[in-house]
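# Reading the structure
One letter stands for each residue in the lines below.
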Amino acid sequence: MTHTQISLTRFLIEAERDGHINADLRLLVEVVARACKRISIAVGKGALGGVLGDAGEGGQASINVQGEAQKKLDVLSNEILLEANAWGGHLAGLASEEMTTSLPIPETYPRGRYLLLFDPLDGSSNIDVNVSVGTIFSVLRCPQGVAAPEDQHFLQPGSAQVAAGYCIYGPSTMLVLTVGHGTHAFTLDREVGSFILTTRGMRIPEETREFAVNMSNQRFWEAPMQQYIGDLLLGKDGPRGKDFNMRWVASMVADVHRILTRGGIFSYPLDSKCAPKGGKLRLMYEANPMAFLVEQAGGAASTGRMRMLDVVPSSLHQRVPVFLGSRAEVAIAEDYHRRHDAIRAPA
Ligand code: AHG
Ligand code: MN
Ligand code: MN
């Protein structure tokens, strides 16, 4: 008997039959997945496609709304996602890490009931050194009665997301998706051009001995983070009583993918450099979609002081401190913050 493969299309049709999604959301995920295939092809061509390096003209770097230099592939990936999603009738508006404001779907096309937010190319500083990068996306409902959504209509807590996912462009291209019923991984069959279900119901081990953080920022961290990582580095000889291993890819997609696969804790905490902005990572394009995926895989996601998905956003490009991964380890990191805050502000 031949082994039956479940394509993304079949998975989504079955999710619709099970009442987990409707036809519009099914189309939306299919369109995003198709755009990711195009980005995967562009990323895979590397230097041969002439797509490496910085965007901009005449030696002048192109700076995005985040104040960061854009790579050519940041711009291209953003364009691919915009073009793919404009005309399908499933969306009311889009917002991107690379765009100053949100965009309502042009009036020339029918408008749907969903809002799509994305980080078109995450980890793009890695693109020129041939290390994994990815696309992260989040789907919200457009508020009732709003035909042409503006930035304020996107400002919903992560708990309101109806779908989230990422595509990782690594040795293989994988799409990891949740529509609120578990987190599932699909691998791109490059010859056929189709995403095939390879892990149904990813589960993050509750405990871990592996952490991911940019240690070069250590001296800039706030006190509870210094204590948490300090104790963890003491290993068997310290209060944690076990040795830890460390990994840091500097592509959130790659670090989170490893954690979804074999556990661990990922952190981009507050430090004195990013504190004026509220953190390094973006709530709407990075923290919330990853938090949804991680929770759906049995893990936890926090700012260190509250559940990530409960944060009520105040602006589209808001940044937050991030702790996510194995549930017990995230709880321990939160504990360091709680104890520190309690001493500083006695009742
Ligand atoms: P982006 O490329 O979308 O701007 O995101 C980069 C992010 C994230 O992917 C990664 O975890 C983090 O920045 C790395 O930051 P450092 O270079 O400070 O380690
Ligand atoms: Mn990013
Ligand atoms: Mn990005």
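Parameters and conventions
Note on numbering: residues in each chain are counted from 1, in written sequence order. Written order decides the labels, with chains lettered from A and ligands numbered from 1. Restriction of local features to residues with pLDDT of at least 70 applies here, the model being predicted, together with a cutoff of 80 or more for giving and counting side-chain atom pairs; totals for whole chains, interfaces and linings are based on all residues. No hydrogens and no water enter the side-chain calculation; it runs on all heavy atoms of the structure. For Na, K and Ca the donor cutoff is 3.2 Å, while for all other metals N, O and S atoms must lie within 2.8 Å; water is not among the atoms, so some sites may look incomplete. Secondary structure elements follow DSSP: runs of H or I no shorter than four residues count as helices, runs of E no shorter than two count as strands, and numbering proceeds from the N terminus. Only protein chains enter the accessibility calculation, which uses a 1.4 Å probe. A residue is then buried if its area is under 20% of the maximum for its type, exposed if over 50%, and partly exposed in between. Neighbouring residues are identified by heavy atoms, a residue being near a molecule or strand if any of them is within 4 Å of it. Polar contacts, as used here, are pairs of N or O atoms within 3.5 Å; protein pairs need one atom able to donate a hydrogen and one able to accept it. Residues neighboring in sequence count only if both atoms are side-chain atoms. For accessible areas, the Shrake-Rupley method is used with a probe of radius 1.4 Å. Any residue's cover is judged against the shown protein chains and nothing else. A cavity here means a set of 1 Å grid points, computed over protein atoms only, where a 1.4 Å probe fits but cannot escape. A pocket is an open set with protein on both sides within 12 Å along at least 5 of 7 lines, and lining residues have an atom within 4 Å of a point. Placement in a cavity or pocket follows one criterion, namely that more than half of the molecule's atoms lie within 2 Å of its grid points. Under this grouping Gly is polar, as are all residues other than the nonpolar Ala, Val, Leu, Ile, Met, Phe, Trp, Tyr, Cys and Pro and the charged Asp, Glu, Lys and Arg. How far each domain reaches was decided by an automatic or database domain assignment. Grid points are joined across faces, edges and corners, and a volume is the space filled by probe spheres set on the points. Note on contacts: a residue pair is in contact if any heavy atoms of the two residues lie within 4.5 Å. Buried area: the accessible surface (1.4 Å probe) lost by two parts on joining, summed over both. By convention in these notes, a salt bridge is any Lys or Arg side-chain nitrogen within 4 Å of a carboxyl oxygen on Asp or Glu.

Here the focus is the coordination of the manganese ion (ligand 2). Protein coordination at the manganese ion (ligand 2): the donors are D119 (OD), D122 (OD) and E286 (OE), at 1.8 to 2.2 Å from the metal. Mapped onto the sequence, the donors of the manganese ion (ligand 2) take the spacing D-x2-D-x163-E. Separating the manganese ion (ligand 2) from the manganese ion (ligand 3) is a gap of 3.7 Å, which D119 spans by donating to each of them. Taken together, the residues span a long stretch of sequence, with D122 in strand β5 (residues 114-122) and E286 in helix α7 (residues 283-296) at a distance of 164 residues. Accessibility classification places D122 together with E286 in one group, the buried group.

A separate point is the site of ligand 1. Near ligand 1, the surroundings consist of 18 residues, among which D122, G123, N214, M252 and Y268 are the closest. Contacts to ligand 1 include D119, whose side-chain N or O atom sits 3.1 Å from an oxygen atom. When the free accessible area of ligand 1 is taken as 480 Å², the share hidden by the protein chains comes to 85%. Mapping ligand 1 onto the cavity grids shows that it belongs to the largest pocket. Those elements that provide at least two residues to the shell around ligand 1 are β5, β13 (265-268) and β14 (281-282). Top contributing element to the shell around ligand 1 by residue count: β5, with 3 residues. Residues of the shell around ligand 1, tallied by class, amount to 7 nonpolar, 4 polar and 7 charged. The residues that make up the shell around ligand 1 include at least three from each of domain 1 (8-199) and domain 2 (210-344).

What the largest pocket holds in volume is close to 440 Å³. Around the largest pocket, the lining comprises 24 residues; the ones closest to its centre are G123, S124, S125, A250 and K280. Residue assignment for the lining of the largest pocket shows that the elements contributing at least two residues are β5, β13 and β14. Looking at the lining of the largest pocket, the element that brings in the most residues is β5, giving 3 residues. Here the residues of the lining of the largest pocket sort into 8 nonpolar, 6 polar and 10 charged. Among the domains, domain 1 (8-199) and domain 2 (210-344) are the pair contributing at least three residues each to the lining of the largest pocket. Lining the second largest pocket are 16 residues, with V43, G44, N130, Y169 and G170 positioned closest to its centre. No other element matches the 3 residues that helix α2 (residues 23-45) contributes to the lining of the second largest pocket.

Let us look at the domain arrangement of the protein chain. Considered domain by domain, the protein chain is made up of domain 1 (8-199) and domain 2 (210-344). Each of domain 1 and domain 2 has a C-alpha centre, and these two points are 24 Å apart. Listed per partner, the contact involves 49 residues of domain 1 and 31 residues of domain 2. Taking both sides of the interface into account, the surface hidden between domain 1 and domain 2 amounts to around 2,800 Å²; carbon and sulfur atoms contribute 62%. It is Q66, L155 and Y166 that lose the most area in domain 1 upon contact with domain 2, and together they represent 21% of the buried surface on that side. A salt bridge links E97 to R282; the shortest N-O distance between them is 3.5 Å. At the junction of domain 1 with domain 2, the criterion picks out 19 residue pairs in polar contact (both at pLDDT 80 or more).

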